[in-house]
Amino acid sequence: MSDSAEGGEGGGGTAGAGQDAEADSEPPLRPPPLPEGDGAELGSVSEEAAFPSAKRLKLSEATKGPLQPDMSQKMRDEVKAQTDPLQEEDASPGPGPLQCEEEQTVQGGKAVAALAGGDEECCQNGNTVHESHLEEQESRPEEEHSSNHSADSPSEGQHLGLDFTQSPQMLTGSWTEYSRLPENYLKGCKWAPDGSCILTNSADNVLRVYNLPPEIYSYNWDMLPEMSPVLRMAEGDTVYDYCWYPKMNSLDADTCFLASSSRDNPVHVWDAFYGEVRASFRPYNHLDELTAAHSLCFSPDGTQLYCGFDKTVRVFYTDRPGRDCEERPTVVKKQGQSGIISCFGFSPCMSVYACGSYSRCAGLYSCQDGTLLALLPTRHHGGLTHLLFSPDGNYLYTGGRKDSEILCWDLREPGNVVFSLKRNVSTNQRIYFDLDSSGRYLLSGDTEGVVSVWDTHTVPPDGNEELLQPLLRFRAHWDCTNGISVHPFMPLLATASGQRQFPWPGDSEGDSASDGEGGGDDAASSPGPGLRQDNTLSVWWAGPLSSISEGTEDQSSVVVEAV
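Residues numbered from 1 in each chain as written. Predicted model: local features only at pLDDT ≥ 70, side-chain atom pairs only at ≥ 80, totals over all residues. Heavy atoms only, no water.

**Remarks on the overall build of the protein chain**
- Scanning the protein chain from N- to C-terminus turns up eight helices and 34 strands.
- Looking at the 563 residues of the protein chain, the share that counts as buried comes to 58%.
- Long-range contacts, defined as pairs at least 24 residues apart, comprise 60% of the intrachain contacts of the protein chain with a sequence gap of at least 6.
- Put simply, the protein chain shows about 22700 Å² of open surface, and 47% of that area lies on carbon and sulfur atoms. (Helix = DSSP H or I, 4+ residues; strand = E, 2+ residues; numbered from the N terminus. Buried < 20%, exposed > 50% of the residue type's maximum accessible area, 1.4 Å probe, protein only. Contact = heavy atoms within 4.5 Å. Areas by Shrake-Rupley, 256 points an atom, 1.4 Å probe, with all protein chains shown as cover.)

Set out below in structure tokens:
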């Protein structure tokens, strides 16, 4: 295992493999409770600010697996008329959540457009969906919505889209779960493709699945409990990467699974209903030794599992577990993309996938045979840790470790950076970013716990590269906000926080001889100045607050900066 791999994936918030120090004796801090009152603020930069407390979910209320079919169906019926005017009323549920067949095809990556004529089709089904969505929603009669609404749901006829004119409101979260072990910080969070549950990874090498409290679907938010995981899947070592099966649908148990890769272990496929290993994919190196994948991604149709290695991509077929795979070197005759393949992304409109590597560059490849189509210039200052295609397939967003920029590449002119987005990333930790379903809003956390929201549609049409200013910034956590995920069809956000904390050298002077007695351990494990532990999963409402309650106008999280 190379040092670069451990620094980027296994080290959490480390600055490299050489800094992989342990501070296991450090006690975590639970988020302080909110002051009582409806007007309490949800986040602030000041010391007095706090996060709302919530009741812990009773064990009798927890059920195995992702959202149960009856609740999932209720959610679909309730939100169908609000969030997807393109969906016909008599259409049967498809593999994806509340999307018409055409939109599913584009967003799921089934549509393979020709390179020459793919732009028009992608544009028609990609970015312009947001505008037509709003126009049809405004013209739709209220009677059509009222048939599927519950008594506690918002007023009929409204569009529950993302609203970033104000800061999102924190609904609930999970923090007790991560306080049982010292420094059990999170390493990202991902919504299930059908929006029924959340998947998290943390420093204890356990993957957790959370169902949303049923009160969220009925908009009864007065007594939201703290979330507790319904599944825990323990890996044998540091988890490098994890991903959902893209066709996951809680109404079909056979599709409810996910994949994970950990150090010195094969790739495991986990059952998301029972937490058991369904299958294993065993990659071997040239010495016939088992080697771990540094990154994972299912193909859009779910038939293949792409795994990233040093200068190599291995492709497994999901219906054939074992060691048989297709090897696709990224360096041929000393030409190509070097370094460990650290992240993947698939174009929603073309048969193309992108690979990011720790060599600070990204490459575009053909899905058919892995042929290198284009190698983007090396513009990042650190190894790439995450990348995303825009829904129309025309743009690629890339971000790296210890790199303050997210770059937007125009794939119609490979090598052309349209604009850059600034965020604070001062560690090797993977800091995720995410796009909403329309591709308009891009969200990312940073090392300081602040979430920034950019409106990508404000880019000047001339295409001149420039720094795009955030539309909104708000403090989500006191510690590093490393994970953010936008719900597939509801105005909900999930954020994950935490990082490895290093002891402040001055605090332990003269106490090095203390071994469990006195203040030696406490001093050695205390974080440095300005560092506060906050190992939390949080769920946020990012829709219009005024439509939920008349009394919520004064209740919002403090804005760090709004443009």
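**Focus on the sheet that holds strand β12 (residues 295–298)**
- Pairing in this open sheet of four strands is antiparallel, and the strands run β12-β13-β14-β15 from one edge to the other. Each of the sheet's edge strands pairs with one partner strand only, and the pair in question is β12 and β15 (326–329). Taken pair by pair, the neighbouring strands of this sheet meet at an average axis angle of 20 degrees, ignoring direction.
- Sheet topology places strand β13 (residues 304–309) next to strand β14 (residues 312–317); six bridges connect them, and they run antiparallel. (Pairing = 2+ DSSP bridges. Axes fitted to C-alpha atoms, helices over the stretch in contact; angles between N-to-C directions.)

**A look at unusual backbone geometry**
- In this structure, Asp264 is a non-glycine residue whose phi angle is positive, near 60 degrees.
- With respect to the helices and strands, Asp264 occurs in the loop between β9 (257–262) and β10 (267–271).
- Residue Asp264 is classed as exposed on the basis of its relative accessible area, which comes to 56%.
- Of note, Arg360 is a non-glycine position whose phi angle comes to about 75 degrees, a positive value.
- As for its placement among the helices and strands, Arg360 is situated in the loop between β19 (352–357) and β20 (362–366).
- Residue classification places Arg360 among the partly exposed residues on the basis of a relative accessible area of 34%.

**A look at the sheet that holds strand β23 (residues 395–400)**
- What the five strands build is an open sheet, ordered β22-β23-β24-β25-β29; its pairing is mixed. A strand with exactly one partner marks an edge of an open sheet, and here the two such strands are β22 (384–389) and β29 (466–467).
- In the sheet, β22 pairs with β23 via five bridges, with the strands oriented antiparallel. Looking at β23, one finds that His386 is bridged to Gly399.

**With respect to the pairing of strand β24 (residues 405–410)**
- Buried residues dominate β24, accounting for six of its six residues.
- Across the two faces of β24 the burial is the same, with Glu405, Leu407 and Trp409 and Ile406, Cys408 and Asp410 all buried.
- Sheet topology places β23 next to β24; five bridges connect them, and they run antiparallel. Considered in β24, the bridge of Leu396 is made with Trp409.
- In this structure, the hairpin formed by β23 and β24 is closed by a connection of four residues, where Lys402 is found at a positive phi of approximately 50 degrees.

**With respect to the packing of aromatic side chains**
- For the structure on display, the rule yields 14 aromatic pairs.
- Here Phe164 and Tyr441 contribute two aromatic rings whose centre-to-centre distance is 4.9 Å and whose plane-to-plane angle is 70 degrees, an arrangement assigned as edge-to-face. With Phe164 in the loop between α6 (142–146) and β2 (169–174) and Tyr441 in strand β27 (residues 441–444), this pair connects stretches of sequence that are 277 residues apart.
- For Tyr441, a relative accessible area of 8% translates into the label buried. (Phe/Tyr/Trp six-rings, centres within 6.5 Å; stacked < 30°, edge-to-face > 60°.)

**Describing the nonpolar core**
- Core analysis: the largest hydrophobic core is formed by 23 residues, its most contacted members being Leu171, Ile198, Leu212, Ile216, Trp221, Leu492 and Trp541.
- If near-sequence neighbours (up to four positions away) are discounted, Leu212 is found in contact with Trp191, Ser196, Ile198, Tyr217, Met227, Leu492 and Val539.
- With 18 residues, the next largest nonpolar core counts Ala192, Leu231, Leu258 and Trp270 among its residues. (Core = buried A, V, L, I, M, F, W, Y, C linked by side-chain atoms within 4.5 Å.)

**Observations regarding the pattern of salt bridges**
- If you walk through the whole model with that rule in mind, you get twelve salt bridges.
- For Arg323, the salt bridge is made with Asp288, and the minimal N-O distance between the two is 2.7 Å. Taken together, the residues Arg323 in the loop between β14 and β15 and Asp288 in the loop between β11 (277–281) and β12 connect sequence positions 35 residues apart.
- Note on Arg323: relative accessible area 44%, which makes it partly exposed.
- Classification of Asp288 as partly exposed rests on a relative accessible area of 47%.
- Salt-bridge contacts for Glu327 lead to Arg314; the nearest nitrogen and oxygen are separated by 3.5 Å. (Salt bridge = Lys/Arg side-chain N within 4 Å of Asp/Glu carboxyl O.)

**Let's talk about the environment of Leu442**
- Along the chain, the position of Leu442 falls in strand β27.
- For the pair Leu442 and Asp455, spaced 13 residues apart in sequence, the C-alpha separation works out to 6.7 Å.
- Setting aside its immediate chain neighbours within four residues, Leu442 contacts Tyr397, Ile406, Leu421, Phe433, Asp434, Leu435, Ser452, Val453, Trp454 and Thr456.

Nothing here speaks to function; it is geometry throughout.
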